[in-house]
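# Descriptive analysis of the structure
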Amino acid sequence: MADEWPLPAFYFSVVIDNNDDDSAFQEVSGIETQIETDEYREGGNNLTYHLPKAIKSSNLTLKRGIADSNSALIQWCQQILDSQLSSAIATKTVSVRLLDETGNPCRVWELYNAYPVKWRVEGFSSTKNEVAIEEIEICYSRSARTQ
């Protein structure tokens, strides 16, 4: 039975607002949610309590070979980052999908109210024979595993 094996982490896709034309990435990281806490020290017996304060998500980091300027993701990044916050930020839903051997999603994480906050091109070196990589960091307000 296929469900008995752990899922491999190398077959995945990223879909932005149901547009899967631009979904291939070398690496995806940052699906993480945690509860931030405040410490409260009780007087008299030196106990420290951790009281829940807020739920925080980390940023999603996408890495891939430098894409064509016609890429929907690159155009979205440019629209937000090049405007220098002079216009409203267009948020989107980002889906990270872990795929099975047939290419169908077997686990899906939905990241809501997402938008790019960083776009970086890794350094170039004449002594290496590697693909030129771009890295895009996307923040989001909440996530949910939907499958």
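Structural data are supplied above this passage.
Since the model is a prediction, treat every value here as computed from it, not as a measurement.

The next thing to look at is the pairing of strand 6 (residues 92-99). Bridge count for strand 1 (residues 12-16) against strand 6 is five bridges, and the pairing is antiparallel. Note that in strand 6 the partner of Ser13 across the bridge is Arg97. Alignment of strand 6 against strand 7 (residues 105-121), held across seven bridges, turns out to be antiparallel. When the sheet's bridge partners are listed, Val96 is paired in strand 7 with Trp109. Between strand 6 and strand 7, which pair antiparallel one after the other, the connecting turn spans five residues, and Gly103 there sits at a positive phi close to 90 degrees.

Another aspect to go through is a nonpolar patch on the surface. Residues Ile66, Leu81, Trp119, Val121 and Phe124 make up a contiguous nonpolar surface patch of about 460 Å² in total accessible area. Of the residues examined, Trp119 reaches a relative accessible area of 30% and is grouped as partly exposed.

Below, the discussion takes up the side chain of Glu134. Here Glu134 is to be found in strand 8 (residues 133-139). Owing to a relative accessible area of 2%, Glu134 belongs among the buried residues under this scheme. A distance of 3.1 Å separates a polar atom in the side chain of Glu134 from the backbone nitrogen of Ala67. Dropping the residues within four chain positions of it, Glu134 is found in contact with Leu62, Lys63, Arg64, Gly65, Ile66, Ala67, Ile74, Trp119, Arg120 and Val121.

Core analysis: the largest hydrophobic core is formed by 19 residues, its most contacted members being Leu60, Leu62, Leu73, Val94 and Ile138. Listing elements by their share of this core, those giving two or more residues are strand 1, strand 5 (60-65), helix 1 (72-82), strand 6, strand 7 and strand 8. Sort the elements by how many residues they give to this core and helix 1 lands first, with five residues. Not counting chain neighbours up to four residues away, the residues in contact with Leu73 comprise Ile16, Asp22, Phe25, Leu62, Arg64 and Ile136.

Moving on to unusual backbone geometry. Of note, Asn18 is a non-glycine position whose phi angle comes to about 60 degrees, a positive value. Tracing the sequence through the fold places Asn18 in the loop between strand 1 and strand 2 (27-29). At Gln84, a position not held by glycine, the phi torsion is positive, near 55 degrees. Looking at where Gln84 falls in the secondary structure, it is placed in the loop between helix 1 and strand 6. Accessibility expressed as a relative area gives 69% for Gln84, which makes it exposed.

What counts and what doesn't
- Residues numbered from 1 in each chain as written.
- Predicted model: local features only at pLDDT ≥ 70, side-chain atom pairs only at ≥ 80, totals over all residues.
- Heavy atoms only, no water.
- Pairing = 2+ DSSP bridges.
- Helix = DSSP H or I, 4+ residues; strand = E, 2+ residues; numbered from the N terminus.
- Patch = residues over 30% accessible without salt bridge, like charges linked within 9 Å, V, L, I, M, F, W, Y side chains within 5 Å.
- Areas by Shrake-Rupley, 256 points an atom, 1.4 Å probe, with all protein chains shown as cover.
- Salt bridge = Lys/Arg side-chain N within 4 Å of Asp/Glu carboxyl O.
- Buried < 20%, exposed > 50% of the residue type's maximum accessible area, 1.4 Å probe, protein only.
- Polar contact = N/O pair within 3.5 Å; in protein donor to acceptor, adjacent residues only side chain to side chain.
- Contact = heavy atoms within 4.5 Å.
- Core = buried A, V, L, I, M, F, W, Y, C linked by side-chain atoms within 4.5 Å.

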